[in-house]
Structure formats: C-alpha cells, structure tokens
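# Chain and residue survey
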Amino acid sequence: MVEIWRSGGSNMTGSPDDARMIEGEGWDGPLFMDSQCLALDNWVMMGVWGTVTERLLLSPGVTNPFTRHSVVTANAAETLQVVTKGRSILGIGRGDSVLAYLGHQPFGTERFERVLSDLRALLAREGIPF
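What comes next concerns the included structure. Worth saying up front: this structure is predicted, and the values here are computed from it rather than measured.

## Notes on the overall build of the protein
A tally of regular secondary structure across the protein gives five helices and three strands. In the protein, the succession of helices and strands from N to C terminus is β-α-β-α-β-α-α-α. Its C-alpha atoms put the protein at 45 × 35 × 30 Å along the principal axes. Put simply, the protein has 130 residues, and 38% of those count as buried. Split by element, the accessible area of the protein, about 7400 Å² in all, is 55% carbon and sulfur.

## Some thoughts on the packing of helix H3 (residues 70–83) against helix H5 (residues 109–123)
With their axes 9 Å apart at the nearest point, H3 and H5 run at an angle of 40° to one another. Our classification of the angle between H3 and H5 gives oblique. Like other packed secondary-structure pairs, H3 and H5 cross with a definite hand, here right-handed. Every residue of H5 that contacts H3 at Ser-70, Val-71, Thr-73, Ala-74, Ala-77 and Glu-78 is listed here: Val-115, Asp-118, Leu-119, Leu-122 and Leu-123. Counted by class, the contact of H3 with H5 contains seven nonpolar, two polar and two charged residues.

## A word on the side chain of Glu-23
With respect to the helices and strands, the residue Glu-23 is situated in helix H1 (residues 16–24). No salt bridge forms around the buried Glu-23; measuring N to O, its nearest opposite-charge neighbour Arg-55 is 4.6 Å away. Setting aside anything within four residues of it in sequence, one finds Glu-23 in contact with Thr-53, Glu-54, Arg-55 and Leu-56.

## Quick look at the environment of Leu-119
Take Leu-119: it is sitting in helix H5. Taking the relative accessible area as the measure of exposure, Leu-119 reaches 4% and is therefore buried. Note: C-alpha distance between Leu-119 and Val-71 (48 residues apart in sequence) is 7.4 Å. Residues in contact with Leu-119, not counting those within four places in the same chain, are Ser-70, Thr-73, Ala-74, Leu-90 and Ile-92.

## A few points about the sheet that holds strand S2 (residues 29–32)
Strand order in the open sheet formed by three strands is S1-S2-S3, with parallel pairing between adjacent strands. Either end of the sheet is taken by a strand with one partner, and the two such strands are strand S1 (5–7) and strand S3 (59–60).

## Side note on helix H2 (residues 42–52)
Listed as buried for H2 are Asn-42, Trp-43, Met-45, Met-46, Gly-47, Trp-49 and Gly-50. The elements touched by buried residues of H2 are H1, S2, S3 and H3. Sitting at the head of H2, Asp-41 places a side-chain oxygen 3.2 Å from the backbone nitrogen of Trp-43.

## Some points on the nonpolar core
Core analysis: the largest hydrophobic core is formed by 13 residues, its most contacted members being Phe-32, Trp-43, Met-46, Trp-49 and Leu-58. Put simply, the parts of the chain that give this core at least two residues each are H1, H2 and H3. With residues near it in sequence (within four places) discarded, Met-46 still touches Phe-32, Leu-58, Ser-59, Pro-60 and Leu-80. Core analysis: the next-biggest nonpolar cluster, separate from the first, contains seven residues, Ala-74, Leu-99, Phe-112 and Val-115 among them.

What counts, and at which threshold
Residues numbered from 1 in each chain as written. Predicted model: local features only at pLDDT ≥ 70, side-chain atom pairs only at ≥ 80, totals over all residues. Heavy atoms only, no water. Helix = DSSP H or I, 4+ residues; strand = E, 2+ residues; numbered from the N terminus. Buried < 20%, exposed > 50% of the residue type's maximum accessible area, 1.4 Å probe, protein only. Areas by Shrake-Rupley, 256 points an atom, 1.4 Å probe, with all protein chains shown as cover. Axes fitted to C-alpha atoms, helices over the stretch in contact; angles between N-to-C directions. Parallel < 35°, antiparallel > 145°, perpendicular 65-115°, else oblique. Left-handed = near helix turned anticlockwise from the far one by under 90°. Contact = heavy atoms within 4.5 Å. Nonpolar A, V, L, I, M, F, W, Y, C, P; charged D, E, K, R; others polar. Lys, Arg positive; Asp, Glu negative; His and termini not counted. Salt bridge = Lys/Arg side-chain N within 4 Å of Asp/Glu carboxyl O. Pairing = 2+ DSSP bridges. Polar contact = N/O pair within 3.5 Å; in protein donor to acceptor, adjacent residues only side chain to side chain. Core = buried A, V, L, I, M, F, W, Y, C linked by side-chain atoms within 4.5 Å.

This is the structure we're talking about:
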C-alpha cells in the first residue's frame, strides 16, 4: 500500500477550512511540524483537524524527546487517537533540526532507543521506570 502525505512545514494552520480542503484533495494525511520555534502547536492543530475530517491520518512530522517528554507525547498521541477514532500516527525522531535551533545536539542512538521503548510501553498502558 502507498500513502501520499503532505508536509506543510511551518505554514500548517489549525484552520478547519484548510483541513477540509486537504482531505478533499485526496491526501492520505498531513504532517504537522513539531517545532516550538517555527510553528504553532502541532497537537492542538491535529486535534482541530481530527474533528472536522473523516479519513485524514494525522501525524507530527516529527516530534522529538527533548522538547516533549515521552509521557507528554504518549498522552497527546493517545488523546488524538481517541478524538480521531484511530487516525493518529506518531512520527518521532531524534530532534536534529529543532535542537539545532536551540543550540543542542540530537539525542544519541542509545538514549533514543530508550525513549522509543518507553513510548511503546506507555501507549500499551504499561508502566515505565523513572
């Protein structure tokens, strides 16, 4: 199966009209930038879009474990999954671009693997060690 996604970058809006237009154009889903330095809050915008569309898949493009703790990310992803009746996709990366804007290095591979393990556990409603 092939999906065609639209990357909106920093110009993605929370506009219901934009959501309906993109769904009407036939896209499988839009990617919402998760960069507090460059864009509006992606989880809020995805929630708005999820309430005014019927089939669009919604995903951050991408979130990172530095500016959003894994517990916060899991909660947002699960909330969006409920609001959209299963149309939430969790796109996560090491944070290369957003962390560069903040003057930090991306997460190392070992630390990122721990975050992914924690997210899997949290989304399965299991506990994680602190």
